[in-house]
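Fold and contact review
What follows is the residue order along each chain.
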Number of protein chains: 2
Amino acid sequence: MNDKHIVSSFDAELEQIQAHIMKMGGLVEEAILDASKSLKNRDEELAEQVRANDKAIDALEQRVNDEAFKLIALRSPTAVDLRVALSVMKVAGNLERIGDYAKNMAKRTSVLVHMTPVEGARSALRRMAREVQLMLKDALDAYIQRDAELARDILERDRDIDQMYNALFREFLTFMMEDPRYITPCMHLHFIAKNTERMGDHVTSIAEQVIYLVTGALPDENRPREDHYRAELHLSD
Amino acid sequence: MNDKHIVSSFDAELEQIQAHIMKMGGLVEEAILDASKSLKNRDEELAEQVRANDKAIDALEQRVNDEAFKLIALRSPTAVDLRVALSVMKVAGNLERIGDYAKNMAKRTSVLVHMTPVEGARSALRRMAREVQLMLKDALDAYIQRDAELARDILERDRDIDQMYNALFREFLTFMMEDPRYITPCMHLHFIAKNTERMGDHVTSIAEQVIYLVTGALPDENRPREDHYRAELHLSD
């Protein structure tokens, strides 16, 4: 058994796992788009479909974890290879969480269709979700191509998502104060906005993994991860 | 070099990492208690302290990750040992997230002290946080002692947390509908309640790790992880 043979087996198996990651990513992107579409169009059937499709995402995460575990156990990778093998588990975990948030958006849609519509908010939420889906697409491209520059760009774009969220938070407060009938639907819409912002955080976390894999260090540790709370908090000072 | 020697080095190093986990757990328990105490007593100084202390939790997580990485790279564990080495990273990740939620509770406390007090809610939130802290203590004991029975008990107790959250959700809606001055503080209190419920989910995730380590399988995959949304959703049907 020579070293070269071991190395290429590792690479071949890793490629297989990364193919699952890409498939998972595709399903999660679809879930984000469909969930936000069902919300915008008050489409219960589509919302139901998003909820059902989440099982396939969970199954793929399990598969990625099992195969990455076997890869580490059998090939005993060290240094960079081990880092890569661990990163697939993390990325799969991030994707699963984003899928969960999309499922939750679909669940809330099924409830919201029976309530007073809050005009404007659903379109803004759809734009925000669309932006997160595009970020996710780029984050996965950056991951596969080990493109740290593209990954850094995503960290910047996450700030836009945070701003969109803050604008929506203000809007919901205004609606609720104007008319108590808006209180319950706005609580749900607010959750959806917050969860979409959290999807952005998980996309950012994938981008951070890319930077870690390429440079060996996480991006600036002092990055204010909770900056997105700031506007929300100041608002109420 | 004989096998026995390798095994005991692994165990000694693992024990060292688990000591960090326990230290981290102690700090996170303290953060939960102090954050909820600062909320209840409208104590800005204590809230500020919780926010400052979060750095030590983050540093410990980094340390656990680094040492677990080295352990896997140098000792090439397989089967159960590898599972354990990976689990310390996951548990550290869960603890870090719980610490983040406690920090966020402290941040919101600093804002809430300047708003109309919402009577009753702060005490209920403190009880809920106290319950989560006790669950966390038991989850970490279960982890160190590999006690699957205690871990299963925690899965049950998480349902109580979900119920406490649902009761609070209803209460906040009522407050907001009664008087618009309650809308902004209730939005923050609602976040705190939701984040406390999410702390419970992370404690549950630690308990699930224990069950996985002991039995080799995760608890019933069909466990309705999002059951806690149900009451909240039905409420608004």
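Since we're looking at a predicted model, the values are computed, not measured. (Residues numbered from 1 in each chain as written. Chains lettered and ligands numbered in written order. Predicted model: local features only at pLDDT ≥ 70, side-chain atom pairs only at ≥ 80, totals over all residues. Heavy atoms only, no water.)

Things to note about the interface of chain B and chain A
- Tallying the contact residues gives 43 residues for chain B and 44 residues for chain A.
- Here chain B and chain A share an interface that buries about 3,900 Å² over both sides, 67% of which is from carbon and sulfur atoms.
- Counting the contacts that link chain B with chain A gives 2 residue pairs in polar contact (both at pLDDT 80 or more).
- Within the residue set of the side of chain B that touches chain A, elements represented by two or more residues are helix H2 (44-75), helix H3 (79-112), helix H5 (148-178), helix H6 (183-215) and helix H7 (227-235) of chain B.
- By residue number, the principal contributor to the side of chain B that touches chain A is H3 of chain B, which donates 12 residues.
- Of the residues assigned to the side of chain B that touches chain A, the class counts are 23 nonpolar, 9 polar and 11 charged. (Contact = heavy atoms within 4.5 Å. Buried area = accessible area lost by both parts, 1.4 Å probe. Polar contact = N/O pair within 3.5 Å; in protein donor to acceptor, adjacent residues only side chain to side chain. Helix = DSSP H or I, 4+ residues; strand = E, 2+ residues; numbered from the N terminus. Nonpolar A, V, L, I, M, F, W, Y, C, P; charged D, E, K, R; others polar.)

Focus on the relation of the copies chain B and chain A
- Of the transformation superimposing chain B on chain A, the axial component is 0.0 Å and the angular component is 180°, with the fit at an RMSD of 0.0 Å. Put plainly, the chains are arranged around a two-fold axis. Among all C-alpha atoms of chain B, that of Ser-76 of chain B lies closest to the rotation axis, at 2.7 Å.
- Most of the interface of chain B is mirrored in chain A: 100% of its interface residues are interface residues there too. (Least-squares fit on C-alpha atoms with pLDDT ≥ 70 in both.)

Here we look at the packing of helix H4 (residues 121-145) of chain A against helix H6 (residues 183-215) of chain A
Residues and elements named next belong to chain A.
- One can describe the packing of H4 onto H6 by two numbers: an axis separation of 9 Å at closest approach and a directional angle of 15°. In terms of their interaxial angle, H4 and H6 are classed as roughly parallel. When you trace H4 past H6, the crossing you get is left-handed. Touching Ala-121, Arg-122, Leu-125, Met-128, Ala-129, Val-132, Met-135, Leu-136, Ala-139, Ala-142 and Tyr-143 of H4 are Leu-189, Ile-192, Ala-193, Thr-196, Glu-197, Met-199, Gly-200, Val-203, Thr-204, Ile-206, Val-210 and Leu-213, all from H6.
- Its residues placed into classes, the contact of H4 with H6 shows 18 nonpolar, 3 polar and 2 charged. (Axes fitted to C-alpha atoms, helices over the stretch in contact; angles between N-to-C directions. Parallel < 35°, antiparallel > 145°, perpendicular 65-115°, else oblique. Left-handed = near helix turned anticlockwise from the far one by under 90°.)

Here we look at the side chain of Arg-198 of chain B
- If you trace the backbone, Arg-198 of chain B turns up in helix H6.
- There is no salt bridge for the buried Arg-198 of chain B, and the closest opposite charge comes from Glu-197 of chain B, which lies 5.6 Å off by N-O distance.
- In this structure the side chain of Arg-198 of chain B is engaged in a polar contact, spanning 3.4 Å, whose partner is the side chain of Asn-195 of chain A. (Buried < 20%, exposed > 50% of the residue type's maximum accessible area, 1.4 Å probe, protein only. Lys, Arg positive; Asp, Glu negative; His and termini not counted. Salt bridge = Lys/Arg side-chain N within 4 Å of Asp/Glu carboxyl O.)

Topic: the environment of Ile-21 of chain B
Residues and elements named next belong to chain B.
- Mapped onto the fold, Ile-21 is located in helix H1 (residues 3-41).
- Sequence spacing of Ile-21 and Ala-92 is 71 residues, and the spatial spacing of their C-alpha atoms is 6.5 Å.
- Apart from residues no more than four positions distant in its own chain, Ile-21 is found in contact with Val-64, Val-88, Val-91, Ala-92, Leu-95 and Leu-140.

Some points on the side chain of Arg-157 of chain A
- Locating Arg-157 of chain A in the fold gives a position in helix H5 (residues 148-178).
- With a relative accessible area of 15%, Arg-157 of chain A lands in the buried category.

Notes on the confidence of the model for chain A
All names here are of chain A.
- Taken residue by residue, chain A gives an average pLDDT of 90. The fraction at 70 or more is 89%.
- When mean pLDDT is taken per element in chain A, helix H2 (residues 44-75) scores highest with 97 and helix H7 (residues 227-235) scores lowest with 43.
- Within the model, the stretch residues 222-231 combines pLDDT values under 50 with 23 contacts to residues more than four positions away or in other chains. (pLDDT = per-residue confidence, 0-100.)

A closer look at the pattern of salt bridges
All names here are of chain A.
- Counted under the stated rule, the structure contains 20 salt bridges over all chains.
- Between Asp-54 and Lys-103 there is a salt bridge, with its nearest N and O atoms 3.4 Å apart. Of this pair, Asp-54 sits in helix H2 while Lys-103 sits in helix H3 (residues 79-112), placing them 49 residues apart in sequence. The exposure classification of Asp-54 matches that of Lys-103, with both residues buried.
- Across the pair Arg-157 and Asp-153 runs a salt bridge whose closest N-O atoms are separated by 3.5 Å. Remark: Asp-153 and Arg-157 occur in helix H5; sequence separation between them is 4 residues, near one turn of the helix.
- Accessibility expressed as a relative area gives 37% for Asp-153, which makes it partly exposed.

What about the packing of aromatic side chains?
- A full pass over the atoms with the stated rule returns 4 aromatic pairs over all chains.
- Relative to Tyr-182 of chain A, the ring of Phe-175 of chain A has its centre 5.0 Å away and its plane inclined at 70°; by these criteria the two rings are edge-to-face. Judged on exposure class, the residue Phe-175 of chain A and its partner Tyr-182 of chain A are both buried.
- Taken together, a centroid distance of 6.2 Å and an interplanar angle of 40° make the contact between Tyr-165 of chain B and Phe-169 of chain B tilted. (Phe/Tyr/Trp six-rings, centres within 6.5 Å; stacked < 30°, edge-to-face > 60°.)

A short note on the environment of Asp-141 of chain A
All names here are of chain A.
- Examined against the element boundaries, Asp-141 turns out to sit in helix H4.
- For Asp-141, a relative accessible area of 26% corresponds to the partly exposed category.
- Along the primary structure Asp-141 and Ala-207 are separated by 66 residues, whereas in three dimensions their C-alpha atoms are 9.9 Å apart.
- With residues up to four places along the chain from it excluded, the contact list for Asp-141 reads Met-22 and Leu-150.

Observations concerning H2 of chain B
Residues and elements named next belong to chain B.
- With 32 residues, H2 ought to run about 46 Å at 1.5 Å a step, and its terminal C-alpha atoms sit 47 Å apart, in line with that.
- The distance from a side-chain oxygen at the start of H2 to the backbone nitrogen of Glu-45 is 3.1 Å, and the residue carrying that oxygen is Asp-43.
- The first or second residue beyond H2 is Ser-76, which carries a positive phi of 40°. (Expected span 1.5 Å × (residues − 1).)

Here's the deal with the nonpolar core
- In terms of nonpolar packing, the biggest core is built from 152 residues, with Leu-95 and Leu-136 of chain A together with Leu-95 and Leu-136 of chain B touching the most fellow members.
- Not counting chain neighbours up to four residues away, the residues in contact with Leu-136 of chain B comprise Gly-25, Val-28, Glu-29, Ile-32, Leu-95, Ile-98, Val-203 and Ile-206 of chain B. (Core = buried A, V, L, I, M, F, W, Y, C linked by side-chain atoms within 4.5 Å.)

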